[in-house]
Amino acid sequence: MQHEAHAGHVHHQTSSWSMAVQATLHCLTGCAIGEVLGMVIGTALGWANLPTTILAIVLAFFFGYSLTLRGVLKAGLGLRDAVKVALAADTLSIAVMELVDNGVIILWPGAMDAELDDLLFWGALAISLVIAFFATTPVNKWMIGRGKGHAVVHQYHH
């Protein structure tokens, strides 16, 4: 009963743009760590574009989920339940962010072939993450307004 009442409270209180921005910044942090690390590793090792992109996406999901897991585990949730919360809270947000981020990089002329010492590599990566942030924020607002996404995580921060 108490959980259901709190879930209703979260639904109404957290559907603001401010909460959506906070959720998206959280997502962006994990995605950016994974994305940059994956692109740097793949590029440094001379991998082709596809395996480099796949590594970057896998690492973005890994770090995105890890940040949420860290918080809910710290709040006292068991590992199995923490994984469920992280999957529910972050999957759509990370997927949208990665779709937009990698889409921008793929469509940016020359970005996929840029090397680590090239301003194009870092510029395209940074700009693609900013664009992904703005594309993902309304998705997070929509999810939070329905008691999903980071609204699920919010209850463990109290």
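Our structure's up above, just so we're on the same page.
Description of the structure in this document. Not measured: the values here are computed from a predicted model.

### Let's talk about a nonpolar patch on the surface
Taken together, the side chains of Leu37, Ile41, Leu45 and Trp47 present a nonpolar region at the surface, about 360 Å² in accessible area. Relative to the assigned elements, Trp47 resides in the loop between helix H2 (17–44) and helix H3 (49–74). The exposure class of Trp47 is partly exposed, given its relative accessible area of 40%.

### Some thoughts on the side chain of Ser128
With respect to the helices and strands, Ser128 occurs in helix H5 (residues 119–145). Here Ser128 falls in the buried class, since its relative accessible area comes to 0%. Within the structure, Ser128 has its side chain in polar contact with the side chain of Asp101 (distance 2.4 Å). Those residues in contact with Ser128, other than ones at most four positions away along the chain, are Asp101, Val104 and Ile105.

### Side note on H5
In a regular helix each residue adds 1.5 Å, so 27 residues correspond to 39 Å; H5 covers 39 Å between its end C-alpha atoms and thus fits that length. The largest bend in H5 comes to about 30°, at Thr136, with the proline Pro138 one to four residues further on. Two or three places before Leu120, at the start of H5, stands the capping residue Asp118, its side-chain oxygen 3.0 Å from that residue's backbone nitrogen. Of the residues flanking the end of H5, it is Gly147, one or two places downstream, whose phi is positive at about 75°.

### Some remarks on the environment of Cys31
Within the secondary structure, Cys31 is located in helix H2. Given the relative accessible area of 0%, Cys31 is considered buried. With 63 residues separating them along the chain, Cys31 and Ile94 place their C-alpha atoms 6.9 Å apart. For Cys31, the residues in contact, after removing those within four places along its chain, are Ala60, Ile94, Met97 and Glu98.

### Quick notes on the packing of aromatic side chains
Counted under the stated rule, the structure contains 4 aromatic pairs. Pairing Phe62 with Phe63 gives two aromatic rings, centres 5.2 Å apart and planes at 85°, and the pair type is edge-to-face. Residue classification places Phe63 among the partly exposed residues on the basis of a relative accessible area of 23%. Seen in terms of ring centroids, Phe133 and Phe134 are 5.3 Å apart; in terms of plane orientation they differ by 80°. Their pairing is edge-to-face. By relative accessible area, Phe133 is classed as buried at 13%. According to the relative accessible area criterion, Phe134 is exposed, its value standing at 58%. A cation over a ring is seen here: Lys141 above Trp17, with NZ or CZ 5.2 Å from the ring centre.

Criteria and cut-off values
Residues numbered from 1 in each chain as written. Predicted model: local features only at pLDDT ≥ 70, side-chain atom pairs only at ≥ 80, totals over all residues. Heavy atoms only, no water. Patch = residues over 30% accessible without salt bridge, like charges linked within 9 Å, V, L, I, M, F, W, Y side chains within 5 Å. Areas by Shrake-Rupley, 256 points an atom, 1.4 Å probe, with all protein chains shown as cover. Salt bridge = Lys/Arg side-chain N within 4 Å of Asp/Glu carboxyl O. Helix = DSSP H or I, 4+ residues; strand = E, 2+ residues; numbered from the N terminus. Buried < 20%, exposed > 50% of the residue type's maximum accessible area, 1.4 Å probe, protein only. Polar contact = N/O pair within 3.5 Å; in protein donor to acceptor, adjacent residues only side chain to side chain. Contact = heavy atoms within 4.5 Å. Expected span 1.5 Å × (residues − 1). Bend = angle between axes of the 7 residues up to and from the residue. Phe/Tyr/Trp six-rings, centres within 6.5 Å; stacked < 30°, edge-to-face > 60°. Lys NZ or Arg CZ within 6 Å of the ring centre and 35° of its normal.

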